[in-house]
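Letter by letter, the chains look like this.
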Amino acid sequence: MVLAFGGDLEFDPALFEVRRGGVPVPLEPQAFDVLAYLVSHRDRVVSKAELMDGVWGSRFVSETAVTSRIKQVRRALGDDGHSQRMIRTQHGRGYRFVAPVEAQPVLGAGEPIRYTVSDGLHIAYQVTGGGELDIVLISGFVSHLELDWADPRHAHFLDRLGSYGRLIRFDKRGTGMSDRPTGIPDIETRMHDVLAVMDAVGSERAVLVGYSEGGPMAILCAAAHPERVAGLVLYGTYAKRIWSEDYPWALKREYWQAYTEELVGGWDWEADMLMRCPSADEQMQQWWGRRMRAAATPSTVRALMDMNALVDVRDALPAVRVPTLVLQRLGDALVDPEGARFLADRIPGARLEFIEGEDHFVSGDPDQILDAIEPFLRGLPGPEHRPSALAAVAVPAGPGADDVAAGLVAAGGRPCSGPAGRVVVLFDGPATAVRAGLAQLRGAARLGVTIAEVPRDETELDAYGVLTAIALADQAAPGSLWLTSAVRDLLASSGVVTELAGEQVVGGVEPQAVFRAL
């Protein structure tokens, strides 16, 4: 968001510029960062210690350096330590930006909507903001790239997030401005849209920000493609959508079904906004209604609700090995705070931060959310080698196993080998692996599919999940594809039908349930 102040001055965080009369004013990067921090927190006094942490992070810096940068900023703005018209010194307390500001028309709304192709479908995306860091926003229920800018509070959320780096947004297939295929695909397939959009804009690595229903997709992407993910921010989200005895923090199925019928039958999105965001005023409720009606049809909403009811990414959480921030409002009626704790406890090294409030949607006090995200983004480490990633492991066995393996590789799998030279083929997700496996099975050939953390740069594998896949393949009935319960859970809404094949000892000492893909 461009802010005007001091008559003819403009502050543009997206372009890292201060302009006077439209002409950029020379300002070195650290001085600009000091100004940006003071403008972002202009509602209060910022102490020197906070300013040093916010701008320099863990690097050592003296108070003299802070004072020097303040002088540079004042000189650039035509201010000075005597008049203090724009930056006021509160002796013994810190500094405050006091110049009256006026927001200019939103720039992001004018950026072009573009399309890329993923699995034969056109996926709409938009890039706003700017900077070295790439941020991919994976929105909740639905989105609409153009109408997302029509509410001031939501536009502020997008603008400020885009002030931290290049903000990359997209409408998931089936919603918004993207193509509408028959039905709604599973989250693994929709995860491919994230990678396709990143490729289209030339983004090698990005921070994924997933909120609400976008969280599980962000989790899967971070687990399966750590080389593409610089960090992960999860807000108001979950690992599993529907209650079970081993996950008691989710919504009961009966409530979810009634909620679905209320949405599809009543089509009262204004009331839905109040439930998702109790602080929403009438203007925001009307915006939400317009946005939802433009972004999805009743049948799409039902399909989305049914798909989300099947989401379960609990088994993927330990495989997330990127810096992760989990944010959750304590009064959120849609997501229990214990669900956020569950995420943070199972994602290695994740940081959990609870914030006050009842709003689930990001437009409810967006600065409260962004105040927590900003220091996390500033503190991200540089690129590092990610030795392992979550993958679907497929192992063929029996007559024709070599032909099955060749077909799996032709379908996009990565050929590897296991103990004793067993053929192993890796996929980035179980739905892709199972679909390819079912298409290749012939005669008495057998196939075992598991998920496992495997080395990304090695072809000889002996991980526990590989051994389990081998055991499944060896014990499967001729012409069958067997899989573990973890794979079954991740196949939610993929269209793959499974049935219980019995209990077998696979990769351990205790029998466990195994399933057959049909």
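Here, every reference points to the structure presented above.
Read on for a plain summary of the structure. Note that this is a predicted model, so its numbers are computed, not measured.

### Remarks on the overall build of the protein chain
Counting secondary structure elements, the protein chain contains 16 helices and 22 strands. Taking 24 Å as the expected radius of gyration for a compact globule of 518 residues, we find that the protein chain reaches 25 Å, a close match to that expectation. Projected onto the principal axes, the alpha-carbon positions of the protein chain cover approximately 85 × 55 × 40 Å. In the protein chain, which comprises 518 residues, the share counted as buried stands at 56%. In the protein chain, the proportion of contacts linking residues at least 24 apart, taken out of those at least 6 apart, comes to 70%.

### Side note on the sheet that holds strand β3 (residues 17-20)
Pairing within the open sheet is antiparallel, and its five strands lie in the order β4-β3-β2-β1-β7. Of all strands in the sheet, those with a lone pairing partner are β4 (23-24) and β7 (101-103), marking the two edges. Pairing of strand β2 (residues 9-12) with β3 involves four bridges; the strand directions are antiparallel. Its bridge partner being in β3, L9 is matched across the sheet by R20. Its contacts with the sheet place helix α1 (residues 29-40) against β1 (3-5), β2 and β3, and it is angled at close to 95° to β2.

### A few points about the sheet that holds strand β22 (residues 512-517)
Read from one edge to the other, the open sheet built from seven strands follows the order β17-β18-β16-β19-β20-β22-β21, with strand pairing classed as mixed. Looking at the sheet topology across the chains shown, the edges are occupied by β17 (414-417) and β21 (498-504). Averaged over all pairs of adjacent strands, the angle between their axes in this sheet comes to 35°, without regard to strand direction. Two strands pair when backbone bridges link them, and β17 and strand β18 (residues 423-427) are joined in this way by four bridges, in the antiparallel orientation. When the bridges of β18 are listed, R414 appears paired with L426. This element, helix α13 (residues 401-410), spans β16 (388-397), β17, β18 and β19 (446-455) of the sheet and lies at about 25° to β18. With respect to the sheet, helix α15 (residues 464-475) is in contact with β16, β18, β19, β20 (481-484), β21 and β22, its orientation differing from that of β19 by roughly 180°.

### What about the side chain of D151?
Assignment of secondary structure puts D151 in the loop between β10 (134-138) and α4 (152-162). Here the side chain of D151 touches R153 through a polar contact of 3.2 Å, landing on its backbone nitrogen. Once residues within four sequence positions are removed from consideration, D151 is found in contact with M284, W287 and S363.

### Remarks on the packing of helix α7 (residues 253-266) against helix α10 (residues 298-309)
Each pair of packed helices gets described by two things: the angle between the helix axes and the distance between those axes. At a closest axis distance of 9 Å, the pairing of α7 and α10 adopts a crossing angle of 165°. The orientation of α7 relative to α10 falls into the category roughly antiparallel. Regarding α7 and α10, the two cross each other, and that crossing is right-handed. For the pair formed by α7 and α10, the contact residues are R253, W256, Y259, T260, E261, L263 and V264 on the first element and P298, V301, R302, M305, N308 and A309 on the second. Looking at the contact of α7 with α10 residue by residue, the class counts come to eight nonpolar, two polar and three charged.

### Some remarks on empty space enclosed by the protein
Considering all chains together, one arrives at five cavities of 30 Å³ or more under this definition. As for the largest cavity, its lining consists of E188, M191, L220, A224, L390, A391, A392, D428, G429, P430, I451 and L490. For the lining of the largest cavity, the elements supplying multiple residues, two or more each, are α5 (187-200), α6 (214-224) and β16. Per-element accounting of the lining of the largest cavity gives the leading share, three residues, to β16. Residue classes in the lining of the largest cavity are distributed as nine nonpolar, one polar and two charged. Estimated volume of the second largest cavity: approximately 60 Å³.

### Overview of the packing of helix α2 (residues 48-56) against helix α3 (residues 63-77)
Running from N to C, α2 and α3 cross one another at 80°; their axes reach a closest spacing of 10 Å. Taken together, the axes of α2 and α3 lie roughly perpendicular to each other. Contacts between α2 and α3 involve K48, L51, M52 and W56 on the former and, on the latter, E63, V66, T67, R69 and I70. Of the residues in the contact of α2 with α3, the class split is five nonpolar, one polar and three charged.

### Focus: the packing of aromatic side chains
Under the defined criterion, the tally for this structure stands at 13 aromatic pairs. An angle of 80° between the planes, with centres 5.9 Å apart, marks the rings of W256 and Y259 as edge-to-face. Linking W256 with Y259, this pair stays in helix α7, spanning three residues, or about one helical turn. Sitting over the face of the ring of W243, K252 holds its NZ or CZ atom 4.9 Å from the ring centroid.

### A short note on the state of the cysteines
This structure, assessed with the given rule, holds zero disulfides. Of all cysteine sulfurs in the structure, the one in C416 sits closest to C221, which takes part in no disulfide; the separation is 20 Å.

### Let's talk about the pairing of strand β6 (residues 94-97)
Alignment of strand β5 (residues 87-90) against β6, held across four bridges, turns out to be antiparallel. Of the residues in β6, the one forming a bridge with R88 is R96. Linkage of β5 to β6, two consecutive antiparallel strands, is achieved through a turn of three residues, within which G92 is found at a positive phi near 80°.

### A word on α13
Among all positions in α13, only A401, V404, A405, G407 and L408 are buried. Within α13, the buried residues cover an arc of 160° as seen down the axis, which keeps them to one side. Residues of α13 that are exposed and point over 90 degrees away from its buried face: D402, D403 and A410. Summarising the contacts, the buried residues of α13 are in contact with β16, β18, α14 (430-440) and β19. Within two residues after α13, G412 carries a phi angle of roughly 110°, on the positive side.

### Regarding the pattern of salt bridges
Any two side chains of opposite charge can pair, given that their charged atoms come close. In total, this model carries 26 salt bridges according to the counting rule given. Between R166 and D134 there is a salt bridge, with the nearest N and O atoms lying 2.9 Å from each other. Of this pair, R166 sits in strand β11 (residues 166-170) while D134 is found in strand β10, placing the two residues 32 residues apart along the sequence. Residue D134 is classed as buried on the basis of its relative accessible area of 9%. In this structure, R241 and E213 form a salt bridge, with 4.0 Å as the shortest nitrogen-oxygen distance. With R241 in the loop between β13 (229-235) and α7 and E213 in the loop between β12 (206-211) and α6, this residue pair connects regions lying 28 residues apart in the sequence. Side by side, R241 and E213 carry an identical accessibility label, which is buried. Salt bridges sharing common partners tie together R160, D367, D371, E374 and R378.

How each quantity is defined
- Residues numbered from 1 in each chain as written.
- Predicted model: local features only at pLDDT ≥ 70, side-chain atom pairs only at ≥ 80, totals over all residues.
- Heavy atoms only, no water.
- Helix = DSSP H or I, 4+ residues; strand = E, 2+ residues; numbered from the N terminus.
- Rg over C-alpha atoms; globule rule 2.2 N^0.38 Å.
- Buried < 20%, exposed > 50% of the residue type's maximum accessible area, 1.4 Å probe, protein only.
- Contact = heavy atoms within 4.5 Å.
- Pairing = 2+ DSSP bridges.
- Axes fitted to C-alpha atoms, helices over the stretch in contact; angles between N-to-C directions.
- Polar contact = N/O pair within 3.5 Å; in protein donor to acceptor, adjacent residues only side chain to side chain.
- Parallel < 35°, antiparallel > 145°, perpendicular 65-115°, else oblique.
- Left-handed = near helix turned anticlockwise from the far one by under 90°.
- Nonpolar A, V, L, I, M, F, W, Y, C, P; charged D, E, K, R; others polar.
- 1 Å grid on protein atoms, 1.4 Å probe; cavity = no way out; pocket = protein on both sides within 12 Å on 5 of 7 lines; lining within 4 Å.
- Points joined across faces, edges and corners; volume = space filled by probe spheres on them.
- Phe/Tyr/Trp six-rings, centres within 6.5 Å; stacked < 30°, edge-to-face > 60°.
- Lys NZ or Arg CZ within 6 Å of the ring centre and 35° of its normal.
- Disulfide = S-S within 2.5 Å.
- Arc of directions from axis to C-beta.
- Salt bridge = Lys/Arg side-chain N within 4 Å of Asp/Glu carboxyl O.

Any functional reading would require information beyond the geometric quantities listed.
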